[in-house]
Amino acid sequence: MSANSVHIRPAVAADLNELFHLEQLCFDAESFNRRQLRYLAHRANGLFWILTDEGRIAAFIILLERKNTEGLRVYSLAVSPAFRGRSYAQQMIQQALVLAQERAKRFLYLEVSEHNGAAIQLYRKLGFMETGRRKAYYKDGSAALLMRLFID
Ligand SMILES: CC(C)(COP(=O)(O)OP(=O)(O)OC[C@H]1O[C@@H](n2cnc3c(N)ncnc32)[C@H](O)[C@@H]1OP(=O)(O)O)[C@@H](O)C(=O)NCCC(=O)NCCS
């Protein structure tokens, strides 16, 4: 497959159906409904990005910016099961770093389930550090690890 078939771009309204299906494939109990996704696409104005492979949405990242804060929050990140292991999640975090730099943010931050080994590995590999832990954060009762990646 040619590398030219991979593109990273902001999500648009026409992507929402495909995004909804991808979301459901990737997150069960914690998945967003269509309304929430539409709201996020609107609220994350300019900070909801997708990666397409041969025109199909293979990954997305949703970032949230709060005014007067030094960090940019990685609110959601997912890669379609059929497209995992191709560094797409890493590329989405690289994109998040670019967006954070453009906004003069000092770090990216996120929460991840203590049971999500793949995601924890990913964040550690990219240099995220654990900054805390929130007990019983998810619906299944698992704790969240709070992680942060400083931008040089
Ligand atoms: C976690 C997730 C985003 C990783 O996506 P991906 O595109 O397959 O990840 P990448 O190919 O970019 O992997 C980068 C690194 O992450 C780590 N990693 C990714 N998947 C892993 C797995 N299944 N087991 C262990 N480490 C893993 C590895 O360190 C990997 O580097 P390597 O390839 O040199 O070993 C994907 O599995 C996913 O969407 N999971 C469901 C949704 C989710 O959990 N999102 C995160 C919520 S916080």
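In this report, we go over the structure that sits alongside the text.

About the thresholds
Residues numbered from 1 in each chain as written. Predicted model: local features only at pLDDT ≥ 70, side-chain atom pairs only at ≥ 80, totals over all residues. Heavy atoms only, no water. Buried < 20%, exposed > 50% of the residue type's maximum accessible area, 1.4 Å probe, protein only. Helix = DSSP H or I, 4+ residues; strand = E, 2+ residues; numbered from the N terminus. Pairing = 2+ DSSP bridges. Right-handed = clockwise from strand over helix to strand, strands pointing away.

Take the pairing of strand β4 (residues 71-79) next. Along β4, eight of the nine residues are buried, which leaves the element largely enclosed by surrounding structure. One ladder, built from six bridges, connects strand β3 (residues 56-64) with β4; its direction is antiparallel. In the sheet register, A59 faces β4, and the bridge partner there is V79. Connecting the antiparallel pair β3 and β4 is a turn made up of six residues, with N68 showing a positive phi of about 60°. The pairing of β4 with strand β5 (residues 107-113) spans three bridges and is classified as parallel. Among the inter-strand pairings, G71 is bridged to a residue of β5, identified as F107. Handedness of the β4-helix α3 (residues 88-102)-β5 crossover: right-handed.

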